[in-house]
Amino acid sequence: MLASVLEAPWLGEVEVPCRWDPDLFFAEAPADVEAAKAVCQTCPVREQCLADALERREPWGVWGGELLVSGKIVPRKRPRGRPRKNPEVAAA
């Protein structure tokens, strides 16, 4: 998390998980992003963190248990590279 966010007046002395490993919340690997989202689930300021990030239109990262890309919530991080031309058909 950004230092300015961690020093927000509403945060006070609340212990938040993102202080332990801030780099995890800006990870490249999809597995690390999912780990960061899981860590947020127990955070006491999760809703406020997400609301503030959406208001600031954070360009990327995990905020309040959600992944933001270009200021919007996305369900999961896309893997690197081009998408397949012909998507695989799911087995029925």
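Keep in mind that what you see is a predicted model, and the values were worked out from it rather than measured.

1. Some words on the overall build of the protein chain
Part 1 of the reasoning: Regarding its fold elements, the protein chain presents three helices and three strands.
Part 2 of the reasoning: Along the protein chain, from the amino end to the carboxyl end, the secondary structure elements read α-α-α-β-β-β.
Part 3 of the reasoning: Each of the 92 residues in the protein chain was classed as buried or not, and the buried ones make up 33%.
Part 4 of the reasoning: Here the contacts in the protein chain between residues at least 6 apart in sequence split such that 43% fall between residues at least 24 apart.
Part 5 of the reasoning: Counting every atom, the protein chain has about 6600 Å² of accessible surface; 56% of that belongs to carbon and sulfur.

2. Comments concerning the UniProt feature "binding site: [4Fe-4S] cluster" (unreviewed entry) in the protein chain
Part 1 of the reasoning: Mapped onto this structure's residue numbering, the UniProt feature "binding site: [4Fe-4S] cluster" (unreviewed entry) falls at C18, C40, C43 and C49. A stretch of 32 residues holds the annotated residues, and the largest C-alpha distance among them is 10.8 Å, short enough that they meet in one place.
Part 2 of the reasoning: Structurally, C40 can be placed in helix α2 (residues 30–40).
Part 3 of the reasoning: Given a relative accessible area of 7%, C49 falls into the buried group.

Definitions and limits used
Residues numbered from 1 in each chain as written. Predicted model: local features only at pLDDT ≥ 70, side-chain atom pairs only at ≥ 80, totals over all residues. Heavy atoms only, no water. Helix = DSSP H or I, 4+ residues; strand = E, 2+ residues; numbered from the N terminus. Buried < 20%, exposed > 50% of the residue type's maximum accessible area, 1.4 Å probe, protein only. Contact = heavy atoms within 4.5 Å. Areas by Shrake-Rupley, 256 points an atom, 1.4 Å probe, with all protein chains shown as cover. UniProt positions renumbered as here; feature names shortened; annotations may be inferred.

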